Amino acid sequence: MEVGAEGFARCLPRLRRRILRAAFVALDMEFTGLHSTFLQNNEPSLFDSPAERYVKARRSVQRFTLVQLGKCCSDTESDLLRYVVHSYNFFLFPSTLGIRDVELTLSASSIRFLSHYGIDYNKFLKDGIPYMNEVQEKILRQHLSAGTWKVCSNNYADRDVLKKAIDEVTSWIATAKEEDTMVLQDLNGYHMLEVQLVLRQALDNVWTEPLGDKKVMVKKVSPEHRQLLENSPYDHCQKKLILLSARGFTNLFQILVKAKKPLVGHNMLMDLMHLHDKFYRPLPESYEEFKRNIHNLFPVIIDTKTVTKSVQKTCLFPRVSSLSEVYAVLCSSNLNPKGPPCPVIALASGCSRYAEKKSPHEAGYDAFLCGSAKTSFSFVFCCSAAVEAEPSFSQYLTLLAEHVNKVNFIRGGVSSINFSGEDAPCHHPPALVVHVRGWPGLTERQIYQEFKARCRFDVRRLSENQFILLSNKYKHVRLVLRDYRRHPHLQVSVYRHWRHSPSVNCLLQ
């Protein structure tokens, strides 16, 4: 089910009930970009520690924004192994209410990628649900309380609309009598609210009310009457209503946080960072503080990518590279013909047509895949642990305990980030050291290009004429050691810390 700004307020009570009833909630997101190439040394590297990668990802998250957020609530029906799925696809757009205009950054490759999979950018731009974090909300509250409303848009068209409305009312009110009214027409949704706030702030003898779509009624009243109307429940510009409208999707985020349901995703580090930055607070500089905040918000996190890697090591599960492939394997495999029945994943009424579109990289559908994969993986672990027929969801969660709160770390110094403890180190193939002879002035980029023709290594300078190479494949290490055994300029060997570290050599000397 697709939800935009126009229908979000009506859906919010139902969404709240779905979350409170759910056994778990699956999320997926699509962004306007992933890794900013305009920032120096921002590409992921095998040398990255979790803290270093966080700094890189933080800068990218601050530049890019969300296009879609998919949410899938999975309910259990009594004690049966049957999950009813309610799948939603939300189009999001930053709130335009506030004191500072939000700038959007787009990555051309990301936009082309999403366009290939049929994303509707009109829904993102024209009907995106607004959102804001706690800092933005605090600033908005202060200005609403102080009555210092300021139009944040730098767009001349927006300012022209507001100026035209103010000029019309100013010229009309000079000759109007008390209780006379006029109607301003052709106003967009956000213009309707801003026009009312600007007029009320500038003139203490006018009252405004929205009239359906794109119209605002202006009435001339006495200041005393105006004060009575402002304190009545019929005021459409009450502070709490403005905040509710400006928060938009953040209202649903806060419901999700309070519910403390298990949160499921796939390769979800960037998803969690965007959740923190866009709906909670700007990302902190400290990596450890980020981990603590996320764990407080979502005490139980399950990353299906982490589970997939574990299952591939312990049972007969094929190598897969994407979430849709994981889902296809789980759906086609006869996982345990003699054991307990596989959970039935039933699509709720009104959601089946949407989820069956099978459109990969559409947030709502990918969230559905995450939830389905999590349920099926739980079943795999039940089978391997010889759990008797019809296990409960709590047993599923217990069997997945080893993987709870461990989020996949793509190409870096650890295999996963542990949001409830210390990060375990990753076991890479041995590093190689390249000693350069007779080739002065070589850079990391040139060394990378040299080895790129054979295989992929990440490169880091060790000293003036030495470089370290890291790969995540043993066969690449063996290949380079063999092919460069007699190279005239590049001497390649396995890196030994006590032999090659410049700091150790300096100490010994």
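All chains use their own residue numbering, which begins from 1 and follows the written sequence. Note on the predicted model: pLDDT of at least 70 is required for a residue's local features to be given, and 80 or more for side-chain atom pairs to be given and counted; whole-chain, interface and lining totals, by contrast, use all residues. Neither water nor hydrogens contribute to the side-chain values; these are computed over all heavy atoms in the structure.

J.: What's the story with the sheet that holds strand β7 (residues 216-220) in this structure? I'm lost.
T.: Taken in spatial order, the three strands of this open sheet run β5-β7-β6, and their pairing is antiparallel. One side of each edge strand has no neighbouring strand; the edge strands of this open sheet are β5 (181-184) and β6 (206-210). Taken pair by pair, the neighbouring strands of this sheet meet at an average axis angle of 25°, ignoring direction. Two strands qualify as a pair provided DSSP detects at least 2 bridges between them. Helical segments are the DSSP runs of H or I of at least four residues, strand segments are the runs of E of at least two, and each set is numbered from the N terminus. Lines fitted to C-alpha atoms define the axes here, with helix axes fitted over just the stretch in contact, and angles between the N-to-C directions of these axes take values from 0 to 180 degrees.

J.: In this structure, what is going on with the packing of aromatic side chains? I would like to understand it.
T.: Two measures describe an aromatic ring pair: the distance that separates the ring centres and the angle between the ring planes. Put simply, two rings from Phe, Tyr or Trp (the six-membered ring, in Trp's case) pair if the centres are within 6.5 Å, and we call them stacked under 30 degrees between planes, edge-to-face over 60, tilted for the rest. Throughout the structure, instances matching the rule amount to 16 aromatic pairs. Between Y54 and Y287, the aromatic rings sit 5.9 Å apart at their centres with planes inclined by 55°, giving tilted as the arrangement. With Y54 in helix α2 (residues 50-63) and Y287 in helix α12 (residues 287-297), the pair connects residues that are 233 residues apart, well separated along the chain. Buried, partly exposed and exposed residues are distinguished by accessible area as a fraction of the type maximum, computed with a 1.4 Å probe on protein chains only: under 20%, between the cut-offs, and over 50%, respectively. Overall, Y54 belongs to the buried group, its relative accessible area being 3%. Relative to F279, the ring of Y131 lies with its centre 5.3 Å away and its plane at 75°, an arrangement referred to as edge-to-face. Residue Y131 is located in the loop between α4 (121-126) and α5 (134-146), and its partner F279 is located in helix α11 (residues 269-280); the two are separated by 148 residues in the primary sequence. In this structure Y131 comes out as buried when scored by relative accessible area, which is 5%.

J.: Explain the pattern of salt bridges here, please?
T.: Salt bridges are counted wherever a side-chain nitrogen of Lys or Arg sits within 4 Å of a carboxyl oxygen of Asp or Glu. Tallied over the full model, the rule gives 15 salt bridges. Between R281 and E134 there is a salt bridge, with the nearest N and O atoms lying 2.9 Å from each other. Of this pair, R281 sits in the loop between α11 and α12 while E134 sits in helix α5, and the two are 147 residues apart along the sequence. For R200, the salt bridge goes to D235, with nearest N and O atoms at 2.9 Å. Here D235 lies in the loop between α8 (223-230) and α9 (239-247) and R200 lies in helix α7 (residues 189-202), a separation of 35 residues in the sequence. Of the residues examined, R200 reaches a relative accessible area of 8% and is grouped as buried. Linked through salt bridges whose partners overlap, the residues forming this network are D48, R53 and K56.

J.: What am I meant to see in the sheet that holds strand β15 (residues 466-470) here?
T.: Here four strands make up an open sheet; going across it, the order is β14-β15-β13-β16 and the pairing antiparallel. Each edge of the sheet is formed by a strand with only one pairing partner; in this case those strands are β14 (458-463) and β16 (490-494). Ignoring strand direction, the axes of neighbouring strands in this sheet form an average angle of 25°. Pairing geometry for strand β13 (residues 432-436) and β15, over four bridges, is antiparallel. Each bridged residue has a counterpart across the sheet, and for V433 the counterpart in β15 is I468. We call two residues in contact when some of their heavy atoms are within 4.5 Å. In the packing of helix α18 (residues 444-452) onto the sheet, the strands contacted are β13, β14, β15 and β16, and the crossing angle to β14 comes to about 130°. Here helix α19 (residues 474-483) sits on the sheet in contact with β13 and β16, set at roughly 135° to β16.

J.: Whenever I open this one, the environment of A165 confuses me. Can you help?
T.: Here A165 shows up in helix α6 (residues 156-173). Leaving out residues up to four positions away in the same chain, A165 has contacts with L184 and V195.

J.: Help me understand empty space enclosed by the protein, please; the structure alone is not making it clear to me.
T.: A probe matching the size of a water molecule, rolled over the atoms, marks out where space remains unfilled. A cavity here means a set of points on a 1 Å grid, drawn over the protein atoms and nothing else, where a 1.4 Å probe fits but cannot get out; a pocket is an open set with protein on both sides within 12 Å along at least five of seven lines, and a residue lines either one if it has an atom within 4 Å of a point. Grid points are joined across faces, edges and corners, and a volume is the space filled by probe spheres set on the points. In the structure shown here, the tally under the stated rule is one cavity of 30 Å³ or more. Considering the residues around the largest cavity, the lining is formed by I19, L27, L69, K71, F249, L252, F253, L256, L275 and F279. Examining the composition of the lining of the largest cavity, we find that three residues originate from one element, helix α10 (residues 250-259), more than from any other. Three residue categories are used. Nonpolar comprises Ala, Val, Leu, Ile, Met, Phe, Trp, Tyr, Cys and Pro, charged comprises Asp, Glu, Lys and Arg, and polar comprises the others, including Gly. Taken together, the residues of the lining of the largest cavity break down into nine nonpolar, no polar and one charged.

J.: Quick question: what am I supposed to make of the packing of helix α1 (residues 5-21) against α10 here?
T.: At a minimum axis distance of 10 Å, the contact between α1 and α10 shows a crossing angle of 10°. On the basis of the axis angle, α1 is roughly parallel to α10. Across the interface between the two elements, F8, L12, L15, R16, I19 and L20 from α1 touch N251, L252, I255, L256 and A259 from α10. By the definition adopted for this analysis, an angle is roughly parallel if under 35 degrees, roughly antiparallel if over 145, roughly perpendicular if from 65 to 115, and oblique otherwise.

J.: Help me understand the pairing of β5 in this model?
T.: Each regular strand displays side chains that alternate between the two surfaces of the sheet. The alternating pattern of β5 places M182 and L184 on a buried face and T181 and V183 on a face that is not buried. Where β5 meets β7, four bridges bridge the pair, whose relative direction is antiparallel. Bridge pairing links M182 to V218 in β7.

J.: Explain α5 to me, please; I cannot follow it from the model alone.
T.: It helps to recall that an α-helix has 3.6 residues per turn; residues three or four apart then point in one direction. Helix length check: α5, at 13 residues, gives a terminal C-alpha distance of 18 Å against a target of 18 Å (1.5 Å per residue), a fit within 8%. The inward-facing, buried residues of α5 abut α9 and α10. Capping the start of α5, N133 holds a side-chain oxygen 3.2 Å from the backbone nitrogen of V135, two or three residues further along. Expected helix span is taken as 1.5 Å per residue step, with the number of steps being one fewer than the number of residues. Polar contacts, as counted here, are pairs of nitrogen or oxygen atoms within 3.5 Å of one another; within protein the pair requires one atom able to donate a hydrogen and one able to accept it, and residues that are adjacent in sequence qualify only if both atoms are side-chain atoms.

J.: Mind showing me how you'd approach the side chain of Q196 here?
T.: Along the chain, the position of Q196 falls in helix α7. On the basis of relative accessibility, which here comes to 3%, the residue Q196 falls in the buried class. Discounting residues that sit within four places of it in the chain, Q196 has contacts with T208, E209, P210, V216 and C237.

J.: What's the story with unusual backbone geometry in this structure? I'm lost.
T.: Both trends apply: most residues other than glycine have a negative phi, and most peptide bonds are in trans. Despite not being glycine, E179 has its phi angle at roughly 80°, a positive value. One can find E179 in the loop between α6 and β5. One non-glycine residue with positive phi stands out, namely R411, at about 50°. Of note, R411 is situated in the loop between β11 (406-408) and β12 (416-418).

J.: Can you help me understand the nonpolar core in this one?
T.: A general trend in soluble globular proteins is that nonpolar side chains are found buried together. Side-chain atoms within 4.5 Å link the members of a nonpolar core, which is a set of buried Ala, Val, Leu, Ile, Met, Phe, Trp, Tyr and Cys residues. Judged by nonpolar contacts, the single largest core of 50 residues is most densely connected at F90, F249, L272 and L275. At the level of secondary structure, the elements contributing two or more residues to this core comprise α1, β2 (24-31), α2, β3 (66-76), β4 (82-91), α10, α11 and α12. The dominant element in this core, judged by the number of residues it contributes, is α11, at seven residues. Discounting residues that sit within four places of it in the chain, L275 has contacts with L27, M29, L69, F253, L263, Y280 and F298. Of all hydrophobic cores here, the second largest spans 16 residues; its members include I447, F457, F467 and V492.

J.: Would you take a moment to explain a nonpolar patch on the surface for this structure?
T.: A residue counts toward a patch only above 30% relative accessible area and without a salt bridge, and it is joined to like-charged neighbours within 9 Å or, for Val, Leu, Ile, Met, Phe, Trp and Tyr, to nonpolar neighbours within 5 Å. The Shrake-Rupley method, run with a 1.4 Å probe, gives the accessible areas here. Residue values count only the displayed protein chains as cover. Taken together, the side chains of V102, L104 and L106 present a nonpolar region at the surface, about 230 Å² in accessible area. Mapped onto the elements of the fold, L104 is located in the loop between β4 and α3 (108-116).

J.: How should the pairing of β13 be read in this particular structure?
T.: Burial runs high along β13: four of the five residues are buried. Looking at chain direction, β13 and β16 are connected through five bridges and run antiparallel. Within β16, the position partnered with V436 by the bridge is L490.

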